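If you want the building blocks of each chain, they are given just below.
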Amino acid sequence: MKVLDFPLTKITIWFLLGILFCYYCQPSVCIAISCFIVGLLIFSISYFFIRRNKKFIPLFGINTYYISFFIGVLTLLLHTNSLQKSNYIHCKKAFETPEIITFTLREKLKSNTYNDRFTAIVNSINGKNYSGKIIVNIQKDSLKSLIIGDIIKVKTVLQRNSINKNPNQFDYSKYLADKQIYAQVYINKAEIDIHKTPKKDIWYYSGRLHSRIVRNLEKSNFNKEEMNVALALILGQQQEISSDIIQDYQYSGATHILSVSGLHVGFIMLFINFILKPIPNTRKGSFIKLISILVSLGAFAIISGLSPSVLRSVVMFSFLAIGNHLRRSGSIYHTLLVSMLLILLLEPYFLFDVGFQLSYLALFFIVWLQPLLKTIWTPKRKIQVTIWNALTVSFAAQIGTLPLCLYYFHQFPGLFFVTNIVIIPILSFIMIAGIIVMILAIFTSPPLIIIEIFEKSIYLLNKTIHIVASFEWFVIRDISFNFYYLITFYLFIISAIIWSKNPNYSKLLFLLSSIILLQISVIYTKREIENNQEMIVYNTKKNTLISKRTAKDITIFTSDTLSKNNVLIPYLVGNFSRLQSRKKIENTLFFNGKRILVIDSSGIYPTKIQPDILILTQTPKINLDRMLQDLHPRIIIADGSNSYAIQKTWKTSCLKNNILFHATNEKGFYKIE
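Residues numbered from 1 in each chain as written. Predicted model: local features only at pLDDT ≥ 70, side-chain atom pairs only at ≥ 80, totals over all residues. Heavy atoms only, no water.

A word on helix 12 (residues 354-374)
Thought 1: Compared with the 30 Å implied by 1.5 Å per residue over 21 residues, the 28 Å span of helix 12 between its first and last C-alpha is a close match.
Thought 2: Of the residues making up helix 12, those classed as buried are Phe 356, Gln 357, Leu 358, Tyr 360, Ala 362, Leu 363, Phe 365, Val 367, Trp 368, Leu 369, Gln 370 and Leu 373.
Thought 3: Measuring from the side-chain oxygen of the N-cap residue of helix 12 to the backbone nitrogen of Gly 355 gives 2.9 Å; that N-cap residue is Asp 353. (Helix = DSSP H or I, 4+ residues; strand = E, 2+ residues; numbered from the N terminus. Expected span 1.5 Å × (residues − 1). Buried < 20%, exposed > 50% of the residue type's maximum accessible area, 1.4 Å probe, protein only. Polar contact = N/O pair within 3.5 Å; in protein donor to acceptor, adjacent residues only side chain to side chain.)

Considering the packing of helix 13 (residues 382-409) against helix 14 (residues 416-443)
Helix-helix packing: each pair is described by the crossing angle between the helix axes and the interaxial distance.
Thought 1: Orientation of helix 13 relative to helix 14, taken along the N-to-C sense of each, is 135 degrees, at an axis distance of 9 Å. With respect to each other, helix 13 and helix 14 are oriented oblique. Crossing of helix 13 against helix 14: the hand is right-handed. Note on element contacts: helix 14 touches helix 13 through Phe 416, Phe 417, Asn 420 and Ile 421, opposite Ile 387, Leu 391, Ser 394, Phe 395 and Gln 398. (Axes fitted to C-alpha atoms, helices over the stretch in contact; angles between N-to-C directions. Parallel < 35°, antiparallel > 145°, perpendicular 65-115°, else oblique. Left-handed = near helix turned anticlockwise from the far one by under 90°. Contact = heavy atoms within 4.5 Å.)

Points about the pattern of salt bridges
Opposite charge on two side chains permits pairing when their charged atoms draw close.
Thought 1: The tally for this structure, following the rule as stated, stands at ten salt bridges.
Thought 2: Across the pair Arg 634 and Asp 612 runs a salt bridge, and its minimum N-O distance is 3.6 Å. Of this pair, Arg 634 sits in the loop between helix 19 (624-631) and strand 18 (635-638) while Asp 612 sits in the loop between strand 16 (594-599) and strand 17 (613-616); the two residues are 22 residues apart in sequence, bridging distant segments of the chain.
Thought 3: For Arg 634, a relative accessible area of 62% puts it in the exposed group.
Thought 4: Looking at Asp 612, the relative accessible area reads 12%, which means it is buried.
Thought 5: Beyond isolated ion pairs, a larger network of salt bridges with shared partners links Glu 534, Arg 549 and Lys 671. (Salt bridge = Lys/Arg side-chain N within 4 Å of Asp/Glu carboxyl O.)

Remarks on a positive patch on the surface
Thought 1: Positive charge collects at one region of the surface, where Arg 208, Arg 212, Arg 215 and Lys 219 lie side by side.
Thought 2: In this structure, Arg 208 sits in helix 5 (residues 202-219).
Thought 3: Judged by relative accessible area, Arg 208 falls into the partly exposed class, the value being 36%. (Patch = residues over 30% accessible without salt bridge, like charges linked within 9 Å, V, L, I, M, F, W, Y side chains within 5 Å. Areas by Shrake-Rupley, 256 points an atom, 1.4 Å probe, with all protein chains shown as cover. Lys, Arg positive; Asp, Glu negative; His and termini not counted. Charge placed at Lys NZ, Arg CZ, Asp CG, Glu CD.)

Some remarks on the pairing of strand 17
Thought 1: Taking every second residue as pointing to the same face, both faces of strand 17 are buried, with Ile 613 and Ile 615 on one and Leu 614 and Leu 616 on the other.
Thought 2: By the bridge criterion, four bridges tie strand 16 to strand 17 in an arrangement that is parallel. The residue of strand 17 that forms the bridge with Val 598 is Ile 615.
Thought 3: Bridging between strand 17 and strand 18 involves four bridges; their strand directions are parallel. The residue of strand 18 that forms the bridge with Ile 613 is Ile 635.
Thought 4: Since strand 17 and strand 18 lie parallel, the crossover through helix 19 that links them has a hand, and here it is right-handed. (Pairing = 2+ DSSP bridges. Right-handed = clockwise from strand over helix to strand, strands pointing away.)

Some remarks on a nonpolar patch on the surface
Thought 1: A contiguous nonpolar patch, built from Phe 483, Tyr 484, Ile 487, Ile 516, Leu 517, Ile 520 and Tyr 524 and spanning about 660 Å² of accessible area, is present on the exposed surface.
Thought 2: Elements represented by at least two residues in the nonpolar patch include exactly helix 16 (483-501) and helix 17 (505-530).
Thought 3: The dominant element in the nonpolar patch, judged by the number of residues it contributes, is helix 17, at four residues.
Thought 4: Turning to its location among the elements, Ile 487 is positioned in helix 16.
Thought 5: Note on Ile 487: relative accessible area 40%, which makes it partly exposed.

What is shown is where atoms sit, not what they do.
Put into structure tokens, the structure is as follows:
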């Protein structure tokens with residue numbers, strides 16, 4: 001089946017291109033609406049003419065893709081909360097001085113060392129109606145009994161999401177912005193005023209249901225560690241899982257089973273089908289099965305807290321269930337495309353969510369590539385067939401998601417296939433047992449015997465994962481992989497599969513072209529690296545860190561040559577570089593014709609040097625005004641090792657003397673080129 005021959009495929013591609021164009025180019029709403037209206041007019045005219053003359057069919061097709069493109073543009077614009085006048089981001093006072101803010105708690109997040117964290121919906125600021133999502137950080141050991149739906153009034157300052165302080169780190173600010181979260185608040189018990197009546201919406205009832213399940217499981221003496229994993233496996237709640245367990249799942253290549261995805265919802269759908277098997281496959285019986293599946297999947301989404309990953313998977317499998325009901329099993333590609341279109345029409349920012357990308361890529365490659373892999377070997381015994389099917393599904397999904405995983409995570413678990421073969425049977429039992437336990441826990445504490453069986457099965461799963469993860473030499477880390485590699489690797493994989501399915505000259509030409517493009521991306525990246533020279537002043541609190549890069553080789557200057565510099569690793573990986581040497585930081589550095597003077601806690605500096613750049617570290621006790629008269633630097637850089645109070649004084653002095661001032665704990669790292 002030629003997927004690209006589907007009209008829906010081309011419409012979906014242009015719709016996705018419209019979302020991407022809007023995301024990166026940010027056109028105005030007026031221009032987007034004008035272009036869309038023009039497209040509708042041409043569409044109407046071409047439709048009228050096509051009924052009389054078939055020559056206008058190409059124009060009609062082109063215009064359909066044009067409209068699809070601008071539907072994508074408008075969808076993203078309409079779902080960008082920061083463009084709405086009612087969004088709190090337009091209330092500048094709230095970011096400058098303490099204001100009375102009222103918000104409703106929406107979702108419990110994973111706590112950190114100091115705070116319990118929630119997402120919340122802003123209701124008002126100083127009595128004026130505002131909207132938008134924020135993150136609420138409530139100081140630990142000062143937390144009242146808060147529930148989802150609580151309406152809280154507090155006088156505080158909104159704090160914008162902080163930018164990346166060091167190069168090539170995970171961009172948390174961008175991650176939150178894609179979730180329409182632009183600010184956070186930090187509060188404690190004394191500041192909280194909780195409304196007596198919570199907002200009773202679907203999230204409130206979902207939260208209460210989830211809390212009831214947890215309480216009943218705790219009453220049954222469910223081991224805390226296993227219970228947290230169970231809540232992640234069945235309900236997608238990862239907030240309380242320990243970092244050690246998460247690391248084991250990462251190293252074994254099984255992270256995907258901790259977040260509810262297509263795998264989990266697929267198990268649930270199979271279990272429901274098994275229960276409904278006695279119902280005959282008549283027209284009426286098939287309809288009853290469909291309604292039962294849709295209601296069950298909807299109930300599962302509510303119980304699990306309506307998280308985005310669960311909603312995506314539920315929508316996807318709901319469409320698969322509808323496709324099966326309509327006896328159109330051959331249109332699974334259509335089903336995937338329709339589910340994707342519906343999800344992105346409702347929430348276009350999901351396109352930039354890694355989970356969404358991995359889910360659809362994995363499922364698409366399982367459907368497309370797994371039948372080809374199965375033909376490599378035809379086992380005769382039933383157990384061989386089962387293992388071979390599990391292997392081919394695992395390899396198809398891994399091949400489809402590998403470039404994306406390397407691009408985002410820069411590591412590859414070499415034993416992923418072993419993990420999947422071993423855990424699938426255990427996970428099958430856990431999912432069935434877990435559904436039964438969670439249903440019982442809604443009403444009462446499950447019987448001890450069921451809890452013990454469920455607990456031991458999760459313990460066995462964790463132990464198996466830990467054993468696989470202990471072979472750390474199979475986990476390849478710190479793999480440098482850029483956007484050029486991502487695109488060309490996917491072109492190569494797709495062309496190789498197309499050629500393997502039906503070899504011919506044109507497909508071989510496509511395959512060879514993709515190989516050439518892959519080689520060009522490697523050569524271009526290598527050339528780009530070799531021509532690059534830069535010096536970075538990092539934002540580190542305890543030890544000063546400066547790196548000098550020439551092509552692939554990096555030399556670091558630090559106040560402590562023995563300490564590990566974790567902030568350096570993302571920079572090395574992101575720039576295909578290697579650490580050549582470590583040196584004790586010097587007072588005078590030279591780079592690309594620029595004189596750089598470093599003043600540490602001693603406060604000693606030569607007065608005869610006229611530096612271009614002055615770097616202040618370790619809170620030196622100096623009179624900056626007098627120093628500026630002696631040295632006359634073009635810019636002053638204060639790294640994160642300096643105290644906040646003294647940096648304010650330095651900033652004032654620089655403003656008075658008309659000299660640029662860059663504080664890394666405020667503006668992030670500084671690059672010298």
